[in-house]
Amino acid sequence: MTVVLAIVRRNLRLFFRDRMNVFFSLLGALILFVLYTLFLARLQIDGLKETFPQATEADIRAFVDTWMFAGIVMLSTITTGLGALVTLVDDGESGRFRDFLVSPVRRTQLVLGYLVSAVTVAIVMSMIVLTLSILYLGIVDSVWLAPVTIGRIVGVTLLCCAGFTALSALIVSFIRTGAAFSGFATVIGTVLGFIAGAYIPVGSLPAGVATTINALPFAQGAMLLRREFTGESLATIVGDNAEAGEALREFYGIDAYVGDLVVPATIAFAVLLAMAFGFTALSAGRIRARIR
C-alpha cells in the first residue's frame, strides 16, 4: 500500500504541476459556461418567457443556470479524470515502464497507482467545480441548494467520477503518444457536451438522435445531476402545471426518454455502478498487459 500511495502522489504532482494540462482538462466545462453566459442562455430565457409568461425573468434564468451547471459538473467528472491519465501515456512513450519493471515495484501496484490517482484528480477537480457552481447559483441567482440536495449531488458526482474515469482509462490504454492523447482529449472534451445534452437541450434534437443520446451513460449521469440541481427552480416556473413540467423535464433532459420510456433513476445508478466496476477491471487488465 505504501508503494501504491507513493505512485499516486507522484502522479498527482505531475498532473497539478502542468497547469496547461489542468486547464485543458476543464476546457469542456469552461466552453459550456462561456457559451451560456454570453450567448445561449439568452435564447433559452426568451423561449421560456413565451411559454411561461407568468414566471419572472429571474426565475427563468435561475432554472437555465441550474440546468447549465448540472451539465458543467457532469463534463468535469469526465474530462478531469481523462486529463489525469496523461501520465500513463507519457510513461509509456518515454520508456519509463522499463525503469519501473526493473525496480521492486509490481505491475499491480503501478496499475492501482494510475487508476487511483486519476479518480482522485477527477474527484478533487469536480468538487471544486461543484463548489463554485453552488456559490454562483446562490450569489447570482439566489438559489441556495439544500444540504440534503447537495449531499445527493456529491454522491452522483463521485459515482460519475469513478465510472467515467474507468472508461477513460480503458480507452487511453490504447493510446501510445502524447500528441495522440492531446488530440483525443480535446475532441472528447468538446463532443461530450453534445453527447450529454449539455450544449443543446436534448428535446431540440431529432427523436432518433435524442433516443440514442439518452441511452448513453453520459446523458443518464447528467439526468441524475439535473434532477437535483433544477428541482426547486423548475417547480418555481411551472407552478401547478404538471403537464408543462413533464414536457419541460423531457425537453431539457431532466428525464431521459429512450423511445417512449423514461429511464428510471435506479437504472441510471445501476449503469454507472456497472461502469465503475466493469471498466475498472477491464482497464486494469489492459494497463497491466501494456506495462508487460
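Calculation notes
- Residues numbered from 1 in each chain as written.
- Predicted model: local features only at pLDDT ≥ 70, side-chain atom pairs only at ≥ 80, totals over all residues.
- Heavy atoms only, no water.
- 1 Å grid on protein atoms, 1.4 Å probe; cavity = no way out; pocket = protein on both sides within 12 Å on 5 of 7 lines; lining within 4 Å.
- Points joined across faces, edges and corners; volume = space filled by probe spheres on them.
- Helix = DSSP H or I, 4+ residues; strand = E, 2+ residues; numbered from the N terminus.
- Expected span 1.5 Å × (residues − 1).
- Buried < 20%, exposed > 50% of the residue type's maximum accessible area, 1.4 Å probe, protein only.
- Contact = heavy atoms within 4.5 Å.
- Phe/Tyr/Trp six-rings, centres within 6.5 Å; stacked < 30°, edge-to-face > 60°.
- Patch = residues over 30% accessible without salt bridge, like charges linked within 9 Å, V, L, I, M, F, W, Y side chains within 5 Å.
- Areas by Shrake-Rupley, 256 points an atom, 1.4 Å probe, with all protein chains shown as cover.
- Salt bridge = Lys/Arg side-chain N within 4 Å of Asp/Glu carboxyl O.
- Core = buried A, V, L, I, M, F, W, Y, C linked by side-chain atoms within 4.5 Å.
- Axes fitted to C-alpha atoms, helices over the stretch in contact; angles between N-to-C directions.
- Left-handed = near helix turned anticlockwise from the far one by under 90°.
- Nonpolar A, V, L, I, M, F, W, Y, C, P; charged D, E, K, R; others polar.
- Bend = angle between axes of the 7 residues up to and from the residue.
- Polar contact = N/O pair within 3.5 Å; in protein donor to acceptor, adjacent residues only side chain to side chain.

## Considerations on the layout of surface pockets
Piece 1. In this model, the largest pocket occupies a volume close to 440 Å³.
Piece 2. Around the largest pocket sit 24 residues that line it, and Asn 21, Gly 83, Val 86, Phe 181 and Ser 182 are the ones nearest its centre.
Piece 3. Every element with two or more residues in the lining of the largest pocket is listed here: helix H1 (2-17), helix H2 (19-25), helix H3 (27-51), helix H4 (57-84), helix H5 (86-94) and helix H9 (178-195).
Piece 4. Roughly 250 Å³ of volume is contained in the second largest pocket.
Piece 5. Lining the second largest pocket are Leu 26, Ala 29, Leu 30, Phe 33, Phe 69, Ile 72, Met 125, Ile 128, Val 129, Leu 132, Ser 133 and Tyr 136.
Piece 6. Of all the secondary structure elements, the ones that give two or more residues to the lining of the second largest pocket are H3, H4 and helix H7 (107-141).

## Examining H9
Piece 1. The terminal C-alpha atoms of H9, which comprises 18 residues, lie 25 Å apart, in line with the 26 Å expected from a rise of 1.5 Å per residue.
Piece 2. Along H9, the residues classified as buried are Gly 178, Phe 181, Gly 189, Leu 192 and Gly 193.
Piece 3. Contacts made by the buried residues of H9 are with H3, H4, H5, helix H8 (147-172) and helix H11 (217-229).
Piece 4. With its phi angle positive at about 70°, Gly 197 sits one or two positions after the end of H9.

## Concerning the packing of aromatic side chains
Piece 1. Across all of its chains, the model carries 10 aromatic pairs by this definition.
Piece 2. Ring centres of Phe 15 and Phe 16 lie 5.0 Å apart, and the angle between their planes is 80°; this geometry places the pair in the edge-to-face category.
Piece 3. With relative accessibility at 37%, the residue Phe 16 sits in the partly exposed group.
Piece 4. Measuring from ring centre to ring centre gives 5.5 Å for Tyr 36 and Trp 67, while their planes differ by 65°; the resulting arrangement is edge-to-face.

## Observations regarding a nonpolar patch on the surface
Piece 1. Together, Phe 16, Val 124, Ile 128, Leu 132, Leu 135, Ile 139, Val 140 and Trp 144 make up an exposed nonpolar region whose accessible area comes to about 780 Å².
Piece 2. At 6 residues, the largest contribution of residues to the nonpolar patch is made by H7.
Piece 3. Within the element layout of this structure, Ile 128 appears in helix H7.
Piece 4. On the accessibility criterion, Ile 128 (44% relative accessible area) is partly exposed.

## Regarding the nonpolar core
Piece 1. Core analysis: the largest hydrophobic core is formed by 82 residues, its most contacted members being Phe 63, Phe 229 and Leu 248.
Piece 2. If one sorts the elements of this core by residue count, H4 sits on top with 15 residues.
Piece 3. Each residue touching Phe 63, except ones within four places of it in the same chain, is listed here: Leu 48, Thr 230, Ser 233, Leu 234, Ile 237, Leu 248, Tyr 252 and Ile 254.

## Quick notes on the packing of H7 against H8
Piece 1. Contact geometry of H7 with H8 gives a least axis separation of 9 Å together with a crossing angle of 145°. Pair H7 / H8 crosses with right-handed handedness. Taking contact as the criterion, the partners of Leu 115, Ala 118, Val 119, Ala 122, Ile 123, Ser 126, Met 127, Leu 130 and Ile 134 in H7 are, on H8, Ile 150, Ile 153, Val 154, Thr 157, Leu 158, Cys 161, Thr 165 and Ala 169.
Piece 2. The residue makeup of the contact of H7 with H8, split by class, is 14 nonpolar, 3 polar and no charged.

## A few points about H3
Piece 1. The axis of H3 is deflected most strongly, by about 60°, at Tyr 36.
Piece 2. Among the residues of H3, those classed as buried are Gly 28, Ala 29, Leu 32, Tyr 36, Ala 41, Gln 44, Ile 45 and Leu 48.

## Considerations on the environment of Gln 220
Piece 1. Along the chain, Gln 220 falls in helix H11.
Piece 2. As a C-alpha pair, Gln 220 and Tyr 257 span 37 residues in sequence and 9.7 Å in three-dimensional space.
Piece 3. Excluding its chain neighbours within four sequence positions, the residues that come into contact with Gln 220 are Asn 214, Ala 215, Val 263, Ala 268 and Val 271.

## Points about the side chain of Thr 80
Piece 1. By the secondary structure assignment, Thr 80 is in helix H4.
Piece 2. Looking at Thr 80, the relative accessible area reads 0%, which means it is buried.
Piece 3. Separated by 2.4 Å, the side chain of Thr 80 and the backbone oxygen of Ser 76 make a polar contact.
Piece 4. Setting aside chain neighbours within four positions, we find Thr 80 in contact with Phe 15, Ser 25, Leu 26, Val 121, Ala 122, Met 125 and Ser 126.

## Comments concerning the pattern of salt bridges
Piece 1. Tallied over the entire structure, the rule returns 7 salt bridges.
Piece 2. Between Lys 49 and Glu 57 there is a salt bridge, and its shortest N-O distance comes to 3.4 Å.
Piece 3. The exposure class assigned to Lys 49 is partly exposed, which follows from its relative accessible area of 35%.

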